Amino acid sequence: MNRDNRQAYLNWFLLSLFYAYQYLLRVYPSTFTDNIRTTFSCSANEFATLSTYCIFIYSCMQIPFGILLDRVEVRKLILIAFGLCLIGQFLFTHTSSIACAQWGRILIGIGAAPAFMSTVKMVSDTFSDKLCGIFIGITCTLGTVIIILGNSLLKYICSLTSDWQKAL
């Protein structure tokens, strides 16, 4: 395997890991429902906004990021997206204000939006048609497996630390 092939596989793997990471970021609040509601002293409606804002923004940003992906290099877009996810996660886990937590979830939604389509674009631009389907399928599977294993791992870490924010 030559250097270019290794780099292509590494790029795909890293993009797939980001896809799995952002997927876990979008869904983990359901793992810590009671803990989060206690931390933010919020009602069920306020708690629901944390997921709703993230998923709504994520969905709305698909088209703009799709257009942007045709004009901007995948690497630049993913670095910005990853940064937004990290900032959003930091805001969410380092505050006791529901408003700040909501802004954090909005940033996560924006940052998560280009993850899958960037992976698909990179795969289709880099690999042969015979390999595209398998790489996209592995990426989707990795996202699902990370959610299953990640939520269990987060619950375990939370039981050790007694704090959902430290666990995250």
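Anything mentioned here points back to the structure above.
Note that the coordinates shown come from a computational prediction; the quantities given were computed from them, not determined experimentally.

## Examining the pattern of salt bridges
Pairing is possible between side chains that carry opposite charge, provided their charged atoms lie close to one another.
Next up, step 1: Going through the model one piece at a time under the given rule, you end up with two salt bridges.
Next up, step 2: As a salt-bridge pair, E73 and R75 come within 3.8 Å of each other at their nearest N and O atoms.
Next up, step 3: Residue classification places R75 among the exposed positions, given a relative accessible area of 57%.
Next up, step 4: The partner of K121 in a salt bridge is D125, and the shortest N-O contact between them spans 3.1 Å. Of the two residues, K121 and D125 both sit in helix α7 (residues 115-126), four residues apart, roughly one turn of that helix.

## Details of unusual backbone geometry
Next up, step 1: One non-glycine residue, S41, adopts positive backbone phi at about 45 degrees.
Next up, step 2: Inspection of the secondary structure puts S41 in the loop between α2 (33-40) and α3 (44-60).
Next up, step 3: Judged by its relative accessible area of 64%, S41 falls in the exposed class.
Next up, step 4: Here the phi dihedral of S162 falls at roughly 60 degrees; this positive angle occurs in a residue that is not glycine.
Next up, step 5: As for its placement among the helices and strands, S162 is situated in the loop between α8 (129-161) and α9 (164-167).

About the thresholds
- Residues numbered from 1 in each chain as written.
- Predicted model: local features only at pLDDT ≥ 70, side-chain atom pairs only at ≥ 80, totals over all residues.
- Heavy atoms only, no water.
- Salt bridge = Lys/Arg side-chain N within 4 Å of Asp/Glu carboxyl O.
- Buried < 20%, exposed > 50% of the residue type's maximum accessible area, 1.4 Å probe, protein only.
- Helix = DSSP H or I, 4+ residues; strand = E, 2+ residues; numbered from the N terminus.

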